[in-house]
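Spelled out from the first residue to the last, the chains are:
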Amino acid sequence: MPQRLSEFLTQGNAPNDLTAVIMKLLEGCVTISEEVRRGALAGVLGEAGSDNVQGEHQKKLDVISNEILLAAAEQAGAYAITSEEMEAPVVNPQPTNDYLVLFDPLDGSSNIDVNVSIGTIFSILKKPNGLPRADGPRNDVANDSSWRGGNADEAIQMFLQPGTRQLVAGYVTYGPSTQLVITLGNGTTSFTLDQNEWWMTTPSMQVPVDTKEFSINASNARHWEPPVKRYVDEMLAGKTGPLGKDFNMRWIASMVADVHRVLTRGGTFMYPRDAREPDKAGKLRLMYEANPMSFLIEQAGGASTNGHQRILELQPQKLHERVAVFLGSRNEIERVTGYHKG
Ligand code: AFP
């Protein structure tokens, strides 16, 4: 009989209040999974008719998933919550713990309408010391109701911690089966959803150090920087090229699905910065996409950099900061990172 998620968390000595936050978020993911599964029958496909803070068109399911997870994190007593779909963090008026919850409620949402795998990515940090404790007197700005979506500089500041400080990272992929992949800093473990219960299906995911598979949106090739062009050209040259082997390419355009493949059978996933928007460091968001995925990948023996530096060590400057991402099989990530240095 496989192990239940709740038993895994207890055996891993996760504090009770952290376990409660994780379990509540995942209850939210079960609801999202149900909405995704029913699709058109639930009336959840299509555009919401609004844009998020990053100027991206929101799908109905982006908005619904955000509301579900925000409510779940608030009910679990999290101190503050932020997401891809929200301009500023929400500070819980009645927190019962010091956890900061971050999520991309529905990553890859442009794939919803074509019934391709999508997912939820989440990360949990702890409120830095020095701010009022959840159970202490709260005469801080967190008591000010204008924090709800208003000007929240101080709320943002507490989230700006490097990925190495994550206590938990995970994603749920809504694919042929609904799976959770999670780390609490002691390996990367996967669970499969069956009738509202998460059952462990891979105790310790491992990313092989070598690979013959890569993942990048090649339609952007003309915009790439020279080290990326060089690396992809070398892979495309195959057996007779400098890398001496043939490579296979996959691109689902759903980070959760692409990273899940890397965690399952190895490979690399790359979303480099490019010349389309030179003022942006990449497309993907550091705090609720790249950091949790990097934590999961490293805990499975893989590597993750922005081409220059380990992603988990980057000090975020902005809540919705973007970053170039190169993650996956260690030897290949070291190679492409080396090309940036060279
Ligand atoms: P959407 O959530 O807008 O579909 O974006 C998905 C995503 O952030 C990530 O999941 C994909 O890897 C990447 O964008 C795909 O980007 P391209 O459409 O540029 O290939």
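Cut-offs used in this document
- Residues numbered from 1 in each chain as written.
- Predicted model: local features only at pLDDT ≥ 70, side-chain atom pairs only at ≥ 80, totals over all residues.
- Heavy atoms only, no water.
- Domains from an automatic or database assignment.
- Contact = heavy atoms within 4.5 Å.
- Buried area = accessible area lost by both parts, 1.4 Å probe.
- Salt bridge = Lys/Arg side-chain N within 4 Å of Asp/Glu carboxyl O.
- Polar contact = N/O pair within 3.5 Å; in protein donor to acceptor, adjacent residues only side chain to side chain.
- Helix = DSSP H or I, 4+ residues; strand = E, 2+ residues; numbered from the N terminus.
- Nonpolar A, V, L, I, M, F, W, Y, C, P; charged D, E, K, R; others polar.
- Near = heavy atom within 4 Å.
- Areas by Shrake-Rupley, 256 points an atom, 1.4 Å probe, with all protein chains shown as cover.
- Buried < 20%, exposed > 50% of the residue type's maximum accessible area, 1.4 Å probe, protein only.
- Expected span 1.5 Å × (residues − 1).
- Arc of directions from axis to C-beta.
- Pairing = 2+ DSSP bridges.
- Axes fitted to C-alpha atoms, helices over the stretch in contact; angles between N-to-C directions.

Under the domain assignment used here, the protein contains domain 1 (5-202) and domain 2 (213-341). Taken together, the contact pairs 49 residues of domain 1 with 31 residues of domain 2. Regarding the contact of domain 1 and domain 2, the summed buried area is about 2800 Å², with carbon and sulfur atoms giving 61% of it. Its largest share of buried area at the contact with domain 2, domain 1 owes to I121, L160 and Y171, together 21% of the area lost on that side. On inspection of domain 1 and its partner domain 2, the count reaches one salt bridge. Between E84 and R285 there is a salt bridge, and its shortest N-O distance comes to 2.8 Å. Our count for the contact surface shared by domain 1 and domain 2 stands at 17 residue pairs in polar contact (both at pLDDT 80 or more). For the side of domain 1 that touches domain 2, the secondary structure elements donating two or more residues are β3 (80-83), β5 (99-107), β6 (118-126), α4 (153-159), β7 (168-174) and β8 (178-183). Split by residue class, the side of domain 1 that touches domain 2 holds 23 nonpolar, 21 polar and five charged.

Taken together, 14 residues surround the ligand, and among them D107, S110, N217, M255 and Y271 come closest. Between the ligand and the protein, one listed contact pairs an oxygen atom with a backbone N or O atom of G108 at 3.0 Å. Between W251 and the ligand, the recorded distance is 3.1 Å, taken from a side-chain N or O atom to an oxygen atom. Considered on its own, the ligand offers 480 Å² of accessible surface; in the complex 84% of this is hidden by protein. Split by residue class, the shell around the ligand holds six nonpolar, five polar and three charged. Summarising the domain contributions, the shell around the ligand has at least three residues from each of domain 1 (5-202) and domain 2 (213-341).

Mapping R322 onto the fold places it in strand β16 (residues 322-323). You can call R322 buried: its relative accessible area is 15%. A polar contact is formed between the side chain of R322 and the backbone oxygen of K283, at a distance of 2.8 Å. Residues within four places of R322 in sequence aside, it is in contact with Q54, E56, K280, A281, G282, K283, L284, R285 and L286.

Moving on: helix α8 (residues 330-341). Taking 1.5 Å as the rise per residue, α8 with twelve residues should run 16 Å; its terminal C-alpha atoms sit 16 Å apart, in good agreement. The set of residues buried in α8 consists of E332, I333, V336, T337, Y339 and H340. Looking down the long axis of α8, one finds its buried residues gathered within 150° of arc, a one-sided arrangement.

What follows covers the environment of L263. With respect to the helices and strands, L263 occurs in helix α6 (residues 255-265). Taking the C-alpha atoms as reference points, L263 and P208, separated by 55 residues in sequence, lie 8.7 Å from one another. Leave out the neighbours within four places in its chain, and L263 touches Y171, V181, T188, M205, Q206, V207, L296, I297 and A300.

This paragraph deals with the side chain of H223. Note on placement: H223 falls in the loop between β11 (213-215) and α5 (226-236). Of the polar contacts made by the side chain of H223, one reaches the side chain of R222; its length is 3.5 Å. Excluding residues that lie within four positions of it along the chain, H223 makes contacts with D274, A275 and R276.

Moving on: the sheet that holds β7. In space, the eight strands of this open sheet follow the order β4-β3-β5-β6-β7-β8-β9-β10, with mixed pairing throughout. In this open sheet, the two edge strands, each paired with only one partner strand, are β4 (90-91) and β10 (197-202). Here β6 runs beside β7; their pairing, made up of seven bridges, is antiparallel. Paired with I121 across the bridge in β7 is Y171.

Mapped onto the elements of the fold, G244 is located in the loop between α5 and β12 (248-249). Taking the C-alpha atoms as reference points, G244 and E225, 19 residues apart in sequence, are found 23 Å from one another. Excluding anything up to four places from it in sequence, G244 contacts G238 and K239.

Once that is clear, we can look at the sheet that holds strand β17 (residues 325-328). Pairing between sheet strands relies on hydrogen bonds along the backbone, with the strands arranged either parallel or antiparallel. Taken together, five strands build an open sheet; the order of strands is β12-β11-β13-β17-β15 and the sheet is mixed. Two strands in the sheet have a free side with no partner beyond their single neighbour: β12 and β15 (303-305). Those strands touched by helix α7 (residues 286-299) are β15 and β17, and its axis lies near 25° from that of β17. Along the sheet, α8 contacts β13 (268-271), β15 and β17; its crossing angle with β17, the most-contacted strand, is approximately 155°.

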